[in-house]
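Commentary on secondary and tertiary structure
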Amino acid sequence: MRDLKLPDQRHPEKAHRPDNAQPKKPDWIRVKAPNSAGYRETRKILKTHRLATVCEEAGCPNVGECWSAGHATMMIMGEICTRGCTFCNVATGRPDALDAFEPGRVADAVRKLGLKHVVITSVDRDDLEDGGAEHFAMTIRAIRRHAPDTTIEILTPDFLKCPDSALEVVVRARPDVFNHNLETVPGLYPSVRPGARYFHSLRLLQRVKELDPAMFTKSGIMVGLGEDRQGVLQVMDDMRAADVDFLTVGQYLQPTPKHHKVDRFVTPDEFASYEKSAYGKGFLMVSATPLTRSSYHAGDDFTRLRAARLEKLGTA
């Protein structure tokens, strides 16, 4: 796992940017520092297997709660991303070569943690011809062998510079949930997600459904970056047009002064309103709270997602 570094060392591509003041968090977004026995045991297993997690790399506020319960989101293909999104705390640079043994280590850690549901994500790997698609597929297959009762959710990059076959490789490996986050409204992409394209990401999610209509699809956005309510509602409509099943909406938290500023802290009442609107638009599952993240309570949400589909089919 990555040693802690100063912001300018960890994010040299952001060092030239002016500092953005980090506002004080409101009471509803404060969390306790992790220090439970369960947290320490999870960390030990991950360290022993030499695995990175987005929980640590992205500075997730829920790491204490999740690791205490033995839940962790594995981040494959290294700890260095080829993109420089202004919201993200993962380091940017030139990644190392892929580790062919990593899928087996991930699968063994999943088995030892006793996970009923696991989320696998990755850095962006624009340096690879397939964007790491085959590595995702190998990891899924390894988990199926070592932990056959575990359901698998993947949170993938956008495969922007890859042939169409890259996505097909991942879908053929049959994860239970295919997640790709849109992250924000399209008008903020140039400043928040400059290396990505909104409609490409939307089309990626749509193609997953075309390749496998039975596969659950999921996407998420952050709020508090400078978007307005109408923009968020339009993203919901775009996702539903792409037949996305599951929406997550969470508060953006600024990792360092060099990252994109927090425009405002969205209130819990506003999140509740977003959730109500999303269900009204036809999503099977919605998680919209200040602390919502893509993999937060993912196992419980997946159980409810399956139940919601069965209920919908029963009333069709």
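Here's a quick rundown of the structure. Everything numeric in this text was worked out from a predicted model, so none of it was measured.

So, the overall build of the protein chain
Looking only at helices and strands, the protein chain features 12 helices and 10 strands. For the protein chain, the residues scored as buried account for 53% of the 316 residues in total. In the protein chain, the proportion of contacts linking residues at least 24 apart, taken out of those at least 6 apart, comes to 77%. With an accessible surface of roughly 14,500 Å², the protein chain has 52% of that area assigned to carbon and sulfur atoms.

What about the pairing of strand S10 (residues 285–288)?
Of the two faces of S10, both are covered, the one formed by Met285 and Ser287 as well as the one formed by Val286 and Ala288. Since strand S9 (residues 246–251) and S10 lie parallel, the crossover through helix H11 (residues 268–280) that links them has a hand, and here it is right-handed.

Topic: the nonpolar core
Ranked by internal contacts, the top residues of the largest apolar core, which has 38 residues, are Leu182, Ile221, Val223, Met236, Met239 and Phe283. At the level of elements, helix H8 (189–192), helix H9 (198–211), strand S8 (216–223), helix H10 (229–241), S9, H11 and S10 are the ones that each hand at least two residues to this core. Here the element with the most residues in this core is H10; it accounts for 5 residues. The residues touching Phe283, leaving out its near neighbours within four places in the chain, are Met236, Met239, Arg240, Val244, Asp245, Phe246, Leu247 and Ala278.

Some words on the packing of helix H7 (residues 165–172) against H9
Following both chains from N to C, one finds H7 and H9 inclined at 55°, their axes separated by 10 Å at the closest point. Between H7 and H9, the interaxial angle falls into the category oblique. As for the relative orientation of H7 and H9, their crossing is right-handed in sense. Counting all contacts with H7, which are made through Leu167, Glu168 and Val171, the residues of H9 involved are Leu204, Arg207, Val208 and Leu211.

Digging into the pattern of salt bridges
Tallied over the full model, the rule gives 19 salt bridges. The partner of Arg83 in a salt bridge is Asp158, and the shortest N-O contact between them spans 2.9 Å. Of this pair, Arg83 sits in the loop between strand S3 (80–81) and strand S4 (91–92) while Asp158 sits in the loop between strand S6 (151–155) and H7, and the two are 75 residues apart along the sequence. The buried category is assigned to Asp158, whose relative accessible area is 1%. As a salt-bridge pair, Asp243 and Arg240 come within 3.9 Å of each other at their nearest N and O atoms. The exposure class of Asp243 is partly exposed, given its relative accessible area of 35%. Shared partners join several salt bridges into a network, and the residues in it are Arg83, Asp124, Asp126 and Asp158.

Let's talk about the environment of Ile140
Locating Ile140 in the fold gives a position in helix H6 (residues 133–146). Exposure remark for Ile140: the relative accessible area of 1% places this residue in the buried category. Once the C-alpha coordinates of Ile140 and Pro175 are considered, the two residues, 35 residues apart in sequence, prove to be 6.8 Å apart. The contacts of Ile140, once residues within four sequence positions are left out, are Ile152, Ile154, Val170, Ala173 and Pro175.

Concerning the packing of H9 against H10
H10 packs onto H9 with a crossing angle of 40° between their chain directions and a minimal axis gap of 9 Å. Of the residues in H10, those touching H9 at Tyr198, Leu202 and Gln206 are Val235, Asp238, Met239 and Ala241. Class assignment of the residues belonging to the contact of H9 with H10 gives a composition of 5 nonpolar, 1 polar and 1 charged.

With respect to the environment of Pro148
As for its placement among the helices and strands, Pro148 is situated in the loop between H6 and S6. Sequence spacing of Pro148 and Lys116 is 32 residues, and the spatial spacing of their C-alpha atoms is 9.7 Å.

Things to note about helix H12 (residues 298–315)
Compared with an ideal rise of 1.5 Å per residue, which puts 18 residues at 26 Å, H12 spans 25 Å between its outermost C-alpha atoms and is within 8% of the ideal. Within the sequence span of H12, burial applies to Ala298, Asp301, Phe302, Leu305 and Ala308. Down the axis, H12 shows its buried residues gathered within 120° of arc, on one side only. What points out from H12, more than 90 degrees from its buried face, is the exposed set Leu310, Glu311 and Gly314. At its buried positions, H12 is contacted by strand S5 (117–122), S6, strand S7 (177–179), S8, S9 and S10.

Things to note about the packing of aromatic side chains
The final tally for this structure, using the stated rule, is 3 aromatic pairs. Judged by centre distance (5.6 Å) and plane angle (90°), the rings of Tyr189 and Tyr198 are edge-to-face. Aromatic side chains Phe216 and Phe302 sit 5.9 Å apart centroid to centroid with 90° between the ring planes, which places their arrangement in the edge-to-face category. Residue Phe216 is found in strand S8, and its partner Phe302 is found in helix H12; the two are separated by 86 residues along the sequence.

Notes on the side chain of His180
As for its position among the elements, His180 is in the loop between S7 and H8. The exposure class assigned to His180 is buried, which follows from its relative accessible area of 1%. In terms of polar contacts, His180 uses its side chain to reach the side chain of Ser201, at 2.8 Å. The contacts of His180, once residues within four sequence positions are left out, are Leu155, Thr156, Pro157, Asp158, Arg193, Ser201, Leu204, Leu205, Lys218, Ser219 and Gly220.

The rules behind the values
Residues numbered from 1 in each chain as written. Predicted model: local features only at pLDDT ≥ 70, side-chain atom pairs only at ≥ 80, totals over all residues. Heavy atoms only, no water. Helix = DSSP H or I, 4+ residues; strand = E, 2+ residues; numbered from the N terminus. Buried < 20%, exposed > 50% of the residue type's maximum accessible area, 1.4 Å probe, protein only. Contact = heavy atoms within 4.5 Å. Areas by Shrake-Rupley, 256 points an atom, 1.4 Å probe, with all protein chains shown as cover. Right-handed = clockwise from strand over helix to strand, strands pointing away. Core = buried A, V, L, I, M, F, W, Y, C linked by side-chain atoms within 4.5 Å. Axes fitted to C-alpha atoms, helices over the stretch in contact; angles between N-to-C directions. Parallel < 35°, antiparallel > 145°, perpendicular 65-115°, else oblique. Left-handed = near helix turned anticlockwise from the far one by under 90°. Salt bridge = Lys/Arg side-chain N within 4 Å of Asp/Glu carboxyl O. Nonpolar A, V, L, I, M, F, W, Y, C, P; charged D, E, K, R; others polar. Expected span 1.5 Å × (residues − 1). Arc of directions from axis to C-beta. Phe/Tyr/Trp six-rings, centres within 6.5 Å; stacked < 30°, edge-to-face > 60°. Polar contact = N/O pair within 3.5 Å; in protein donor to acceptor, adjacent residues only side chain to side chain.

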